[in-house]
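# Structural characterization, general
One letter stands for each residue in the lines below.
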Amino acid sequence: MLRRITSWTRFVLTEYGRSGRILIELTITIALWGLFLQKYNTTTAQLFSLTGLFTMVLALYTTSSILGLGDRAQNYIVLTRPLGRRGFLLGLYSAAVLLVWAMGAIVIALTAILNRPPGFGLPQLWYGSLPLLLNVTLISAVTLLLSSLVVRNIPRLLLLAILAIALYSNTWNLSPVFRYLSPLQSLFSRLIQPAIAGQRLAVSRDYSGGGLFVLVAQFALSLLLVNLALLSFGKRELILGKK
Amino acid sequence: MTDTVIQLRNLHKSYGQLHVLRGVDLDITEGEAFGLLGQNGAGKSTLIHSLLGLLKPDDGTIRIFGSRDLEQVVKNIGYLPERTTYHLQFTAHEYLRMLGALSDLRGAQLRERIDAVLDLVGIEGAADRRLGTYSKGMLQRLGLAQAILHDPALLIVDEPASGLDPGGQRDMAQLLARLHKAGHTILLCTHQLTEVTRLCNRVGVLAGGRLDRVATVADLEGQGRSMTLRVADLPAEAVPMLEALGPNVRCTRTSVVLFPASEQLQHDCLAILLDYSVHILAMTPAADALEQFYLSAINQTILPPTRPADPSAPEVLLETLVVGGEQ
């Protein structure tokens, strides 16, 4: 199964590259580095803070874009092979995660080589990168679960509502209605804690206060979301787009 | 039954209020080529997508090679979709290499299979060209190549001649006939009745969400063709003479329908008409048996084998048939 998924992932990445879509990621990546990390005296904390935010946003974009490639009629031929639905979706997900990891690596590598922050070394790279990599898997998993390829419209709206409530901050005071949602907010906001804690961990690189637990939580939540997506995708009707 | 490749029982599928499949039953045995006919929107693609696990039936059972678990048997299925689109950035070699890897073919075995199927479908010369440069016919050949790449026992082919010119249609039919001869079981979904006649052992018409009309092509061909003779005014005294020729003759005041129209029957009928000096306006061969079978199943026309109660019926029916045949 792993070999099938690897073949499919390689194919998706090759197609993504040949279609020219990858130029968008590369351009944004180089632009980000050029604008924020090349000119100034960057600290390691700034490097991981910026790269963390960047890769999270990029994970949203790239995963959506690659899932768009999956939602095409030519994939009926792929889906009716032993790869199956699970392998198909895991291949798309893996391709998106690998691509965003590669872009994050480019930002860090360029900075390390051309504008090295003081005190930046292999341990810093390792401790800072790990939570960022896991945050990419987490955000890509959320995007996967919210995509039209994986869930139908009504459950998707429900999931989006949960996400909106989780992300809502009481300090915004946008509407008094949200007061009634505060119990739900405190419940759902726990779902995004691993991502927030992961970003903080990447910036601080201080694992003394339960850093490993954060990594485990990021990994476990990613796993849970991907499995939910696989479950939903396995049960749904597949009527792929005609693009 | 161990040799049943596809077994459908009471298959139902709806899209909201639209009930597309209403209890479809079907058995296809090993080595058989089954032609699935039906109008646009009759549910042929829904049936095929249900077989392939892309759609979830509301009710009923699907067994392929005796198993209800598609994942266990998918290796033995090759699928050519209707109006296939392709990953156009790749060459045929690259594309087949990826699909072969997804079917667990590797190394030398994969290379050999790719060369063999490209040779079989006749696009080996263009194997290193990007698919974006392929003609419709070449893409359809590639579609067949990918479907047989892993040498599946069952081939599900949805409108293989769609969009092809007559030459391409003939080539595709010949390719499928070769595969059938080589022992592949084929489920062919098509609008092309000639394709079915050339290739299939049995044919079924999906109409009204059911597959009630199934017949062997040999039986249908044995029924022969019908013929209508349009006459100016058939004298009443000629009618018993004509009808005495057999139950295959139906008369109205302006026509005589022969079904099936054997040469002897035509000869005898013409002799009687000439004896009575009947002015023959036209002799029109009607649709062949398969076409009549198809049209009758989809309720556009009925040409029943027994004499209709209404003596004017054959003429009305035949006109419908001719109009249907021209479409």
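Everything that follows concerns the structure shown earlier in this document.
What you are looking at is a predicted structure, and each value in this text was computed from that prediction instead of being measured. (Residues numbered from 1 in each chain as written. Chains lettered and ligands numbered in written order. Predicted model: local features only at pLDDT ≥ 70, side-chain atom pairs only at ≥ 80, totals over all residues.)

A word on the overall build of chain A. When its secondary structure is counted, chain A shows ten helices and zero strands. Referenced to the eigenvectors of the C-alpha coordinate spread, the extents of chain A come out at roughly 55 × 50 × 30 Å. Here chain A holds 243 residues, and the buried ones make up 38% of them. Expressed as a percentage of contacts within chain A between residues at least 6 apart in sequence, the contacts between residues at least 24 apart total 84%. (Helix = DSSP H or I, 4+ residues; strand = E, 2+ residues; numbered from the N terminus. Buried ≥ 20, exposed ≤ 12 C-beta atoms within 10 Å, placed from the backbone. Contact = placed C-beta atoms within 7 Å.)

Turning our attention to the sheet that holds strand β13 (residues 280–285) of chain B. Residue and element names in this part refer to chain B. The sheet built from four strands is open, its strands ordered β11-β12-β10-β13 with antiparallel pairing. Because the sheet does not close on itself, it has two edges, and the strands there are β11 (249–251) and β13. Going from strand to strand, the sheet's axes swing by 15° on average, the running direction of each strand aside. Here five bridges tie strand β10 (residues 227–231) to β13, and the two strands are oriented antiparallel to one another. Looking at β13, one finds that T228 is bridged to T284. Contacts from helix α10 (residues 263–275) reach β10, β11, β12 (255–258) and β13 within the one sheet, and its direction differs from that of β12 by about 160°. (Pairing = 2+ DSSP bridges. Axes fitted to C-alpha atoms, helices over the stretch in contact; angles between N-to-C directions.)

Before going further, it helps to examine the sheet that holds strand β8 (residues 202–207) of chain B. Residue and element names in this part refer to chain B. One open sheet accounts for six strands, arranged β5-β6-β7-β3-β8-β9; its pairing is mixed. Because the sheet does not close on itself, it has two edges, and the strands there are β5 (77–80) and β9 (210–216). Here the strands of the sheet are splayed against their neighbours by 15° on average, with no regard to which way each runs. In this structure, strand β3 (residues 33–37) lies alongside strand β7 (residues 185–189), joined through four bridges in parallel fashion. What sits directly across from L36, in β7, is C189. Along the sheet face, helix α1 (residues 44–51) touches β3, β6 (154–158), β7 and β8 and points at about 150° away from the line of β6. Across the sheet, helix α6 (residues 166–181) is in contact with β3, β6 and β7; its angle to β7 comes to roughly 150°.

Residues and elements named next belong to chain B. Here α6 contains 16 residues, and its C-alpha end-to-end distance of 22 Å stays within 8% of the 22 Å for a straight helix at 1.5 Å per residue. Among all positions in α6, only M172, A173, L176, L179 and H180 are buried. For α6, the angular spread of the buried residues around the axis is 120°, confining them to a single face. Turned more than 90 degrees away from the buried face of α6 sit G167, Q174, R178 and K181, all of them exposed. The inward-facing, buried residues of α6 contact β3, α5 (136–148), β6, β7 and α7 (193–199). (Expected span 1.5 Å × (residues − 1). Arc of directions from axis to C-beta.)

A separate point is the interface of chain B and chain A. At the interface, 22 residues of chain B touch 21 residues of chain A. By residue number, the principal contributor to the side of chain B that touches chain A is helix α3 (residues 92–102) of chain B, which donates four residues. Residue composition of the side of chain B that touches chain A, grouped by class: twelve nonpolar, six polar and four charged. (Nonpolar A, V, L, I, M, F, W, Y, C, P; charged D, E, K, R; others polar.)

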